[in-house]
Amino acid sequence: WIVKRGGIVVQRAAAVAGIWLVAGLAFLTWTRVATLGDPVRMWRDEMARNPRSSLPPLQLGLILGGRGEDAEALALLEKVCAEGTTDPEAYRTAGRLHLKAGNVEKARLALEKARNLDPEDEETHLLLAHMHLAAGEPQIAIDAYKKALAVNPANAATRNDLAALFLQAGRTDDGLAEVR
């Protein structure tokens, strides 16, 4: 497959072009794998490419919240929630972060919105129970624990927490009934 043109062998040129093509594809693959290997970087890049999309800040906020980078996660999730997302996870995570920061009223608003969007979510009911305890509302916390148990009756930790709350409230019979 040697083709000569004006005395120049094109085979070498084709081989060099092929090597550059393979090297270029390898570099593109490496950069894509590096980006996909770091979800924070991937979602930041996606936010830069699509600044009007609510999915990248939502996903980035959820990831950062899971990593303990609460301030940035909360800022992103607050923005997504203010835009009216219908994803209960955004409100649930924002509520959890507000509760962790001691902002009980902000946690209440976010968690109630999450519950309205997904009334069968056990985690939301548990977070609401913790929020009501932090707000000094033990009876409402008991109701939230009961709703969480209605969703997942096999959750022994929730049943234990509810029993302890009953015992603290002086409702020994109810507490004992939960652990039987």
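For the structure, check the block above.
Residues numbered from 1 in each chain as written. Predicted model: local features only at pLDDT ≥ 70, side-chain atom pairs only at ≥ 80, totals over all residues. Heavy atoms only, no water.

### Focus on the side chain of His-98
The cut-off we apply is this: Helix numbers and strand numbers start at the N terminus; a helix is a DSSP run of H or I with at least 4 residues, a strand a run of E with at least 2. Should any heavy atoms of two residues lie within 4.5 Å, those residues are counted as being in contact.
The topology assignment puts His-98 in helix H5 (residues 88-101). For His-98, the contacting residues outside a window of four places in its chain are Leu-74, Glu-78, Asn-103, Lys-106 and Ala-107.

### Structural notes on the environment of Lys-79
Where we set the bar: Only protein chains enter the accessibility calculation, which uses a 1.4 Å probe. A residue is then buried if its area is under 20% of the maximum for its type, exposed if over 50%, and partly exposed in between.
With respect to the helices and strands, Lys-79 occurs in helix H4 (residues 70-82). The class of Lys-79 is partly exposed, set by a relative accessible area of 40%. Sequence separation between Lys-79 and Gly-61 is 18 residues, and the spatial gap between their C-alpha atoms is 9.9 Å.

### Points about the side chain of Arg-108
Structurally, the position occupied by Arg-108 is in helix H6 (residues 104-117). The contacts of Arg-108, once residues within four sequence positions are left out, are Met-131, His-132, Ala-135 and Glu-137.

### Some thoughts on the packing of H4 against H5
Each pair of packed helices can be described by the angle between their axes along with the distance between the axes. The criterion, for reference: Inter-axis angles, ranging from 0 to 180 degrees, are taken between N-to-C directions of lines fitted to C-alpha atoms, where helices are fitted over the stretch in contact. To sort the angles, those under 35 degrees are grouped as roughly parallel, those over 145 as roughly antiparallel, those from 65 to 115 as roughly perpendicular, and the leftovers as oblique. Take the far helix as the reference: if the near one is turned anticlockwise from it by less than a right angle, the crossing is left-handed, and if turned clockwise, right-handed. The classification used treats Ala, Val, Leu, Ile, Met, Phe, Trp, Tyr, Cys and Pro as nonpolar, Asp, Glu, Lys and Arg as charged, and all other residues, Gly among them, as polar.
The contact between H4 and H5 brings their axes to 9 Å, and the two run at 135°. In this view, H4 runs oblique relative to H5, as classed from their interaxial angle. For the element pair H4 and H5, the recorded crossing hand is left-handed. Only Ala-90, Tyr-91, Thr-93, Ala-94, Leu-97, His-98 and Lys-100 of H5 make contact with H4, whose side of the interface consists of Asp-70, Ala-73, Leu-74, Leu-77, Glu-78, Val-80 and Cys-81. Across the contact of H4 with H5, the residue classes tally to 9 nonpolar, 2 polar and 3 charged.

### Points about helix H9 (residues 156-168)
Quick note on the threshold: To estimate how far a helix should extend, the number of its residues minus one is multiplied by 1.5 Å. By arc we mean the arc of the directions from the helix axis to the C-beta atoms, nothing more.
The first and last C-alpha atoms of H9 sit 18 Å apart over 13 residues, in line with the 18 Å expected at 1.5 Å per residue. Of all the residues in H9, the buried ones are Thr-158, Leu-162, Ala-163, Leu-165 and Phe-166. Projection of H9 onto a plane perpendicular to its axis shows the buried side chains occupying an angular sector of 160°, all on one side. Facing away from the buried side of H9 by more than 90 degrees, the exposed set consists of Ala-156 and Gln-168. Gly-170 occupies a position one or two residues after H9 and carries a positive phi of about 80°.

### Quick notes on the pattern of salt bridges
Rule in force here: Counted as salt bridges are all cases of a side-chain nitrogen of Lys or Arg within 4 Å of a carboxyl oxygen of Asp or Glu.
Overall, the coordinates contain 12 salt bridges when judged by the stated rule. A salt bridge links Arg-92 to Glu-89; the shortest N-O distance between them is 2.6 Å. One end of the pair is Arg-92 and the other is Glu-89, both in helix H5 and 3 residues apart, which spans about a single turn. On the basis of relative accessibility, which here comes to 6%, the residue Arg-92 falls in the buried class. Given the relative accessible area of 25%, Glu-89 is considered partly exposed. What emerges from the salt-bridge pattern is a single network uniting Glu-89, Arg-92, Asp-121 and Glu-123.

Read these as layout, nothing more, since geometry by itself doesn't imply function.
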